[in-house]
Amino acid sequence: MAPPRRTAAPALSRGKYNYTEETLTGRLSCPHCDGKFKPQGFKKHEATCKKCADIEREQETFGLEYNKDQQQARRKARKLMTLPESIAGPSQPESANNSQFADDSNIPPAASSLADPMDVDLNNDEGYDGNENVDVSVFNQPGDVEPAASSQRPIEFKTEYHPSSGRELLHQAFDEFRANAHDTAEPLPVDEEPWHPFTSRANFEFAEIALDAALNKSHIDGLLSLIARIAGGQVKITLKNDADFRQALRSASTQVTMFTKHDITVPYKRQERVYQVHALPIWEWVLDLLENPLLAPHFAWDAQRVFKHNGTGFERFYDEPWTADRWWDVQSNLPQDIRAVPLCLIVYADKTRLSSHGTVKGYPVVVRCANLPVHIRNGEGIGGGRVVGLLPIVAEDANEEGKTGFTNLKRVIWHESFAVFLELVAQYSKTGYAHKCFDQILRWLFPILLILSADYEEQCMMSLIRGHHSKCPCPVCIVPIDELHDLSKSFRLRSMQDTIAALDVYEKSKTCGEELLKALGLRPIKNVLWIVAHSDPHDAISLDRLHALHLGIWKHLFNELKKILKYLGREAESSFEEGIANFPRWRKCSHFNTVIHMSFSDGNKMQDLSRQSLYSALTILKQSDSPEGHRLLCLISSYLQLDSYIGLDVHTTSTLDAIEAELLVFNDALKDYVQCAAESSIEDLRLDWDFPKVHLWKHVTRDIRMKGVVRNYTTRPNEKLHGPLKEAYKRQSNGKDVAQQILHVNQNRFAVGLLRGRVDAFDKQRNFEDEEIDDADTMYEDNPNPAAAQGHIQLGSPQQLKSIQDIENTCSPTDRAFQDFRRKFSTFLNASLPGYGYELRRWITLPANFQICEYCYLKVHYESTVDWKQVTDYLRCNPSFHGHPRYDCALIQLTPERSVFAKLILMFKCHLPDIGSFDFALVQPYTAGTGFSRRTDRDFKLTRVKAAPRANSIFVPLASFIRGAVLYPDPVHQGEFTVVDHIDSDMFLRMKTWAHHTIRQCKSLSLPSIKV
């Protein structure tokens, strides 16, 4: 009952804002938050506060019921352990580390129908009787029932170690392969003060932030002064000024090897030219790695040949460098009477512009250790790439530029300077270096240059070939320049021995030698890389996917595409850009609004653009309207196939065979396009495709067999290290003695990174020791609304609870997917729950006020078909995600035999009293028939699906989601979509088998067909 009103005295007449003193100074207490507020606006606050409190209570009640039902579901699941497979709960992964989320055998089977329902509702509310004829037999089970124990997986992997390792042939099941490979029986010793020589952890963390932010002197002094005033009497940061900061950094830098300056003298035209090299000897950096206890367990020393069972036999696969042939061959050539192993180095060098106007340049050299796993080697931590110095840059001279002698001078300077980096590396490559490894085995390490990671221009510098205008411009083989376009032909490979022999001829007779060197496309200069044993630069040079493909071949193909669209007119250009703008948004995929009149230098954006352009141009460049455009799209389609194959993180003999076959397809498509372009009336179409980047991927399968997958030698992580150098020049140098200043900053960053690794290990060890597992009840009390995670799916972004009738009333007038929402969901529950292991004694009829909790975000964890590791897709079901509606698509397991694509409409969690809580989604299945296969789909290897009407929306458990998907809408055929299989490697491999498998299932079950 509301409290009685007090009788107030008659108020004097006053203006609209002429409040009484009681109104201006009085305070009213809010019954919901206990806060005191002025009378003005109190009613509005009270209403808002009440609404928030009601929502909070609803969420808390829902969370408690959810947790209670989860416990009940687990108890029921244990009773269902002996159920037949047809009605057992979904199989869940044993652990997140094993990433068994997407195994088709783990997808829950279809639910069975309820045979004898009883017409009794839950809350005595009038509802549907459930007798509607709705087919729900194709739905899967939700993921909140724990599975029965799965049978032990068979032997799937075989590892053959190099004979000199003394290790036996190893057979392993899936869960054992490379699992806990670096765990130790006893924890590593932890430094109690890992931030030393900083006097405190706070000082170290401040220094780390200051370096990352590239603060200058005034910034640091001002920030420290502010922190000191704020901290007051709580002294945690003892640094007082920039001088203290610099002194602490100098102390930290003493723990790593310092850069030194060297003078290189080179004669040119009877003059001695002196150039400065700032370098850190590579071997000193290697010793820093070997002595780091955090990295020691991760080094791989012995060559391996690894195999995986493919159902019929063991098939060899390649990923890390030590699984490839080059490592094996080198180890076979090392001394056999000692434990000799290769210490393999990856070397990168390239010029970069330090200043925005390009007048100040740097020439960094980056080294990585191939003995470390790729996630460490290509990461940003202490085991990642290290800038070991800067090479000198020869100043441009208008009087000398273009002359052979001046061009050779630049190469002589490069190789003379690089000798500084190879001090001791060359020596130990012949004698070996004794080192007791983490496993307490004394090994002799022989450093070699396994991989040279560089773009084409830098490959020419490293291999000392004459470049793209020479008679043989390939750094790997002796292909004539006029044969670069023909990928069907193979030519003799280059070798260090052949180059040395040619230089011997040149030293004896310059006339004969120069003629021979020109014929081979070589410079008359000795290669400094020869001083490192077992290191042939022609073998070490590797395909760089970034520059050869995304900034190479694709750049030329896109230019051709823009020429053809321009010829067809503005309408064609506008349609293409509209198609690009309408491309579905996806995480880590750039979205473009305009591309025709823009140029991109970012290789990642060019890669994303290549994935989108084919689908956007399909309806524009038809054979009848533009023969040149159609031929070009065939060429682009083959390019995308090759790019996706080459980018796989694990290669098998089958995928390597597929690359070699597709190279021939690309070769034929290129010939067809050139012939069509020659007969075309479109001006400036490229007819000459004899340039090195068209030819370089001819050697990619050899690279993979010799050195592992392409991410082992990509330049992407190395070019990322240019950023800190540019930032150091811009914000932490005065423009003088640039090399010394930016390397000094780089040295500090590396030293702080070393300390960061120690601090992280310290925190990890302490957290592990302090970790205690709370019981379920305690956890629920602490967190009344836990994360909605079930098995391989995790919901996020919960919305306010809504009644099922409100959702139907609000959405059904504008979206037919919500028609009869309440009745359809009720029927679905009654038909599916018995198949999930729940015994229903009464027919479930949902009351009008039955509440569900909508979610707008979903994580789907699944096992990648590429490398068998866990991958996560992030799906959105949001009417306004960054200002745009976004309803993603997914691949779901509709029946045990059939997986289909579907579009998210609604994701929600619901609670059924006395039964449990469930995660469901309302989706629009893409299962409608598309008719006969179109020639366009066959020509471009497309998979086409068609959406069922929105009124035919269905409910599915979220546990049936396999992974996310991107479907491009066909602008001509209403309701039809093309599966974007190039969106990532896993989808690319899945679609190689999915479409054909689906067609077979459709025929056997008389279901609608899918176009491929």
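Residues numbered from 1 in each chain as written. Predicted model: local features only at pLDDT ≥ 70, side-chain atom pairs only at ≥ 80, totals over all residues. Heavy atoms only, no water.

**A few points about the overall build of the protein chain**
Looking only at helices and strands, one finds 29 helices and 30 strands in the protein chain. When burial is assessed residue by residue, the protein chain has 53% of its 1012 residues classed as buried. Partitioning the intrachain contacts of the protein chain with sequence separation of at least 6 by distance along the chain shows that 69% fall at a separation of at least 24. Counting every atom, the protein chain has about 47,500 Å² of accessible surface; 50% of that belongs to carbon and sulfur. (Helix = DSSP H or I, 4+ residues; strand = E, 2+ residues; numbered from the N terminus. Buried < 20%, exposed > 50% of the residue type's maximum accessible area, 1.4 Å probe, protein only. Contact = heavy atoms within 4.5 Å. Areas by Shrake-Rupley, 256 points an atom, 1.4 Å probe, with all protein chains shown as cover.)

**Digging into the sheet that holds strand 8 (residues 314-318)**
The strands making up a sheet associate through backbone hydrogen bonding, with each pair oriented either parallel or antiparallel. Here we have five strands laid out as an open sheet, ordered 4-3-7-8-16, and antiparallel in their pairing. On the outer flanks of this sheet lie strand 4 (170-173) and strand 16 (651-652), each paired with one strand and no other. When strand 8 meets strand 16, the two strands line up antiparallel, connected through two bridges. Across the sheet, the residue bridging to Phe-317 is Thr-652, located in strand 16. (Pairing = 2+ DSSP bridges.)

**A word on the nonpolar core**
The biggest cluster of nonpolar side chains holds 228 residues, and the ones touching the most others in it are Ile-282, Trp-285, Phe-418, Phe-576, Trp-697, Phe-901 and Phe-961. Per-element tally for this core: the top contributor is helix 24 (residues 738-770), with twelve residues. Grouped together as the second largest cluster of nonpolar side chains are 26 residues, Ile-844, Ile-852, Ile-915 and Leu-922 included. (Core = buried A, V, L, I, M, F, W, Y, C linked by side-chain atoms within 4.5 Å.)

**Description of the sheet that holds strand 15 (residues 442-453)**
Read across the sheet, seven strands follow the order 5-6-13-12-9-15-14 without closing on themselves; strand pairing throughout is mixed. Edge strands, defined here as strands with exactly one partner in the open sheet, are strand 5 (260-268) and strand 14 (433-436). On average, each strand axis in the sheet is inclined to that of its neighbour by 35°, with strand direction left out of account. Sheet topology note: the strand 9 (residues 340-349)/strand 12 (residues 364-369) ladder contains five bridges and is antiparallel. Considered in strand 12, the bridge of Val-347 is made with Val-367. Contacting strand 9 and strand 15, helix 7 (residues 325-333) runs over the sheet at an angle of about 130° to strand 9. (Axes fitted to C-alpha atoms, helices over the stretch in contact; angles between N-to-C directions.)

**Description of unusual backbone geometry**
Looking along the chain, the bond that leaves His-196 and enters Pro-197 is cis, with omega of 20°. Its place among the elements puts Pro-197 in the loop between strand 4 and helix 3 (201-212). For Lys-588, which is not a glycine, the phi torsion comes out positive at approximately 65°. The topology assignment puts Lys-588 in the loop between helix 16 (570-581) and helix 17 (603-617). The exposed category is assigned to Lys-588, whose relative accessible area is 72%. One non-glycine residue, Lys-941, lies in the positive phi region at around 55°.

**Some points on the environment of Arg-246**
Looking at the element boundaries, Arg-246 is found in helix 5 (residues 242-253). By relative accessible area, Arg-246 is classed as partly exposed at 24%. Taking the C-alpha atoms as reference points, Arg-246 and Asn-748, separated by 502 residues in sequence, lie 9.5 Å from one another.

**Overview of the side chain of Thr-407**
The topology assignment puts Thr-407 in helix 9 (residues 404-421). Dropping the residues within four chain positions of it, Thr-407 is found in contact with Gly-402 and Arg-523.

**Section: the state of the cysteines**
Inspection of the entire model under this criterion finds zero disulfides. The structure places no disulfide on Cys-477, whose sulfur is separated from the nearest cysteine sulfur, that of Cys-474, by 3.8 Å. Of the residues examined, Cys-477 reaches a relative accessible area of 1% and is grouped as buried. As a non-bridged cysteine, Cys-856 has Cys-877 as the owner of its nearest cysteine sulfur, 6.6 Å distant. (Disulfide = S-S within 2.5 Å.)

**Some details on the environment of Pro-475**
One can find Pro-475 in the loop between helix 11 (456-463) and helix 12 (496-508). A relative accessible area of 0% places Pro-475 in the buried class. Sequence separation of Pro-475 and Ile-541 is 66 residues, and the distance between their C-alpha atoms is 7.6 Å. Once you skip the residues sitting within four places of it in the chain, Pro-475 turns out to touch Tyr-456, Gln-459, Ser-463, Ile-465, Arg-494, His-538, Ile-541 and Leu-696.

**Notes on the pairing of strand 3 (residues 155-161)**
Two faces make up the sheet, and in a regular strand the side chains alternate between them. Across the seven residues of strand 3, five count as buried, placing the element largely inside the fold. With four bridges connecting them, strand 3 and strand 4 associate as antiparallel partners. Within strand 4, the position partnered with Lys-158 by the bridge is His-171.

**Re the packing of aromatic side chains**
In the structure shown here, the tally under the stated rule is 41 aromatic pairs. Geometrically, the ring pair formed by Tyr-926 and Phe-977 is stacked, given 4.8 Å between the ring centres and 25° between the ring planes. Here Phe-977 lies in strand 30 (residues 976-979) and Tyr-926 lies in the loop between strand 25 (916-925) and helix 28 (935-939), a separation of 51 residues in the sequence. Assigned by exposure class, Tyr-926 and Phe-977 land together as buried. Within the aromatic cluster, the residues linked to one another by ring pairs are Phe-818, Phe-821, Phe-825, Phe-828, Tyr-838, Phe-908, Phe-918, Phe-920 and Phe-955. Sitting over the ring of Phe-750, Arg-386 keeps its end group 3.7 Å from the ring centre. (Phe/Tyr/Trp six-rings, centres within 6.5 Å; stacked < 30°, edge-to-face > 60°. Lys NZ or Arg CZ within 6 Å of the ring centre and 35° of its normal.)

**Re a positive patch on the surface**
The grouping of Lys-351, Arg-353, Lys-361 and Lys-726 at the surface amounts to a positive patch. When its relative accessible area of 34% is taken as the criterion, Lys-726 is described as partly exposed. (Patch = residues over 30% accessible without salt bridge, like charges linked within 9 Å, V, L, I, M, F, W, Y side chains within 5 Å. Salt bridge = Lys/Arg side-chain N within 4 Å of Asp/Glu carboxyl O. Lys, Arg positive; Asp, Glu negative; His and termini not counted. Charge placed at Lys NZ, Arg CZ, Asp CG, Glu CD.)

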